[in-house]
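For reference, the chains in residue letters:
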Amino acid sequence: MILPADPKSGFLAHQSEVEEAVLRVLRSGWYILGKEVEGFEEAFAQYHGAGHAIGVGSGTDAIQIALRACNLSTGDRVATVSHTATATVAAIEMSGLIPVLVDIDPDTFTIDPDHLESLTKSDGGVKAVVVVHLYGQPAAMHDIQSLAKRYGLKIVEDCAQAQGAKIGDKAVGIWGDVSAFSFYPTKNLGALGDGGAVLTNNEDIGDRARLLREYGWVERYVSHFSGVNSRLDEIQAAILAVKLRHLDEENARRVELAKTYDEALTDTSLTLPSSVEGTDHVYHQYVVRAEDRDELQAYLGEREIGSLIHYPVPVHRQPAYTCLASGPEGLRNTDRVCQEILSLPMHPQLSKESLDVTISAILEWDRR
Ligand SMILES: *Cc1c(COP(=O)(O)O)cnc(C)c1O
């Protein structure tokens, strides 16, 4: 079976370093918010050229804490995309804010700045935008930044799928007011359990996020505002410090795999992922579009090649979220691409042999 993602092989690739780090924590006698978390936060902030990194319990929590640290008012509206992990929208609601859903650019799969502008113009309540760098593709941050300036929006970047992606020579995560990362095991920078981080260059936001993750305690046991319990633990931080040292080489491997797919599949009926000039896509997923997507997925499945759909049902079509606003013209691109997208096997340890088998099967299917 060729797996679409493979966190176990990600562990085995760095087994001795990871095991040594875990044992060090087990033997230290200190398991929550200690020097492993501090060390990882410092390395993670430095990697991005950011002033503050705050380790938290998950990516969903990171978005929630990032939003709450922006000091928005309960009931403010926050724009984001419907073509994303449900987590993005759930986190907005968990922060007491109201999601407003925006369409995507069908070529990049990221937020359409024109649609964001028309929604912001028609809805005076929109005070922030959560921009998702989906599949490892940086969103159009220059456009988003100028819109944010014009309409007074706070920008939160959801970098859960884009650790190490860049626009020019600046990593995603430092283009807005604050950003959120997930270290779910299959992400480009994955822990071996849950984890997340908030990143910012804004000292006030960083300070508030740090207090929010532990009950709003300024001194121990005394809350100065109501917070949550969302702490990155020492074991995951120690593992992440190891994985961070390998992030660039693993992202480079993803890019190499993507290039091989690109070259081999260029003359097929598939629409291949686009990459934007001047940005570094890190291919959390390699997502193609096929009119007969379900047939292609079944064909690959019969040959023991795993593929996934990210995501089969857009947020605004999920029963829990059908009531969310999304503008009068709807989310046409979101609705269309959901029918056609397929994520092919993509992870740094994917072998050349597995890649070749996958490519041959797709070429065969395309000639059928
Ligand atoms: C994974 C993911 C999240 C949520 O992260 P968790 O760590 O699973 O809570 C949020 N947004 C996006 C785009 C994701 O891919």
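This one's a predicted model, so the numbers in the text were calculated from it and none came from an experiment.

## Overview of the packing of helix H9 (residues 234-265) against helix H12 (residues 352-366)
Thought 1: Direction vectors running N to C along H9 and H12 enclose 30 degrees, while the axes themselves pass 10 Å from each other. Here H12 runs roughly parallel to H9, going by the angle between their axes. The element H9 and its partner H12 pack so that their crossing is right-handed. Across the interface between the two elements, Arg-253, Leu-257, Thr-260, Tyr-261, Ala-264 and Leu-265 from H9 touch Lys-352, Leu-355, Thr-358, Ile-359, Ile-362 and Leu-363 from H12.

## Re unusual backbone geometry
Glycine aside, the phi torsion of most residues is negative, and most peptide linkages are trans.
Thought 1: Residues His-310 and Tyr-311 are joined by a peptide bond in cis, for which omega reads 10 degrees.
Thought 2: Within the secondary structure, Tyr-311 sits in the loop between helix H10 (293-302) and helix H11 (332-338).
Thought 3: Of note in this structure, Phe-109 is not a glycine but carries a positive phi near 65 degrees.
Thought 4: Take Phe-109: it is sitting in the loop between strand E3 (98-102) and helix H6 (113-122).
Thought 5: The backbone of Glu-304 sits at a positive phi, close to 60 degrees, despite the residue not being glycine.
Thought 6: Structurally, Glu-304 is set in the loop between H10 and H11.
Thought 7: For Glu-304, a relative accessible area of 47% gives the class partly exposed.

## Points about the pairing of strand E4 (residues 126-132)
Thought 1: With six of seven residues buried, E4 is to be regarded as a mostly interior element.
Thought 2: Across three bridges, the pairing between strand E2 (residues 77-81) and E4 is parallel. Bridging across to E4, Val-78 finds its partner in Ala-128.
Thought 3: As judged from the five bridges shared by E4 and strand E5 (residues 154-158), these two strands associate in the parallel manner. Within E5, the residue paired with Val-129 across the bridge is Ile-155.
Thought 4: Read from E4 through helix H7 (residues 141-151) to E5, the crossover connection turns out right-handed.

## Here we look at the side chain of His-284
Thought 1: Within the secondary structure layout, His-284 lies in the loop between strand E12 (279-280) and strand E13 (286-289).
Thought 2: Residue His-284 is classed as buried on the basis of its relative accessible area, which comes to 6%.

## Thoughts on the sheet that holds E3
Thought 1: Reading across the sheet, the seven strands line up as E1-E9-E8-E5-E4-E2-E3 and stay open at both edges, with mixed pairing between neighbours. The two strands at the open ends of the sheet, each matched to only one other strand, are strand E1 (52-56) and E3. When strand polarity is set aside, the average angle formed by the axes of neighbouring strands in this sheet is 25 degrees.
Thought 2: The pairing of E5 with strand E8 (residues 178-182) spans three bridges and is classified as parallel. Each residue of the ladder has a partner; that of Asp-158, found in E8, is Ala-180.

## Some words on the pattern of salt bridges
Thought 1: In the structure shown here, the tally under the stated rule is 16 salt bridges.
Thought 2: Linking Glu-17 and Arg-245 is a salt bridge whose minimum nitrogen-to-oxygen distance equals 3.3 Å. Of this pair, Glu-17 sits in helix H2 (residues 15-28) while Arg-245 sits in helix H9, and the two are 228 residues apart along the sequence.
Thought 3: Overall, the relative accessible area of 57% leaves Arg-245 in the exposed class.
Thought 4: The partner of Arg-303 in a salt bridge is Glu-302, and the shortest N-O contact between them spans 3.5 Å.

## Things to note about the packing of helix H4 (residues 59-69) against helix H8 (residues 203-212)
Thought 1: Here H4 crosses H8 at 130 degrees, and the two axes come no closer than 9 Å. On the basis of the axis angle, H4 is oblique to H8. Handedness of the H4/H8 crossing: right-handed. In this structure, H4 uses Ile-65, Arg-68 and Ala-69 to contact H8, whose residues at the interface are Ile-205, Arg-208, Ala-209 and Leu-212.

## Looking at the packing of aromatic side chains
Thought 1: Evaluated as defined, the whole model comprises nine aromatic pairs.
Thought 2: Between Trp-217 and Tyr-221, the aromatic rings sit 5.3 Å apart at their centres with planes inclined by 75 degrees, giving edge-to-face as the arrangement.
Thought 3: A relative accessible area of 16% places Trp-217 in the buried class.
Thought 4: What makes Tyr-221 exposed here is its relative accessible area of 62%.
Thought 5: Pairwise contacts between aromatic rings join Phe-40, Phe-44, Phe-181 and Phe-183 into one cluster.
Thought 6: Its end group placed over the ring of Tyr-299, Arg-303 keeps NZ or CZ at 3.6 Å from the ring centre.
Thought 7: Note that Arg-368 overlies the ring of Trp-365, its terminal NZ or CZ placed 4.0 Å from the centroid.

Parameters at a glance
Residues numbered from 1 in each chain as written. Predicted model: local features only at pLDDT ≥ 70, side-chain atom pairs only at ≥ 80, totals over all residues. Heavy atoms only, no water. Axes fitted to C-alpha atoms, helices over the stretch in contact; angles between N-to-C directions. Helix = DSSP H or I, 4+ residues; strand = E, 2+ residues; numbered from the N terminus. Parallel < 35°, antiparallel > 145°, perpendicular 65-115°, else oblique. Left-handed = near helix turned anticlockwise from the far one by under 90°. Contact = heavy atoms within 4.5 Å. Buried < 20%, exposed > 50% of the residue type's maximum accessible area, 1.4 Å probe, protein only. Pairing = 2+ DSSP bridges. Right-handed = clockwise from strand over helix to strand, strands pointing away. Salt bridge = Lys/Arg side-chain N within 4 Å of Asp/Glu carboxyl O. Phe/Tyr/Trp six-rings, centres within 6.5 Å; stacked < 30°, edge-to-face > 60°. Lys NZ or Arg CZ within 6 Å of the ring centre and 35° of its normal.

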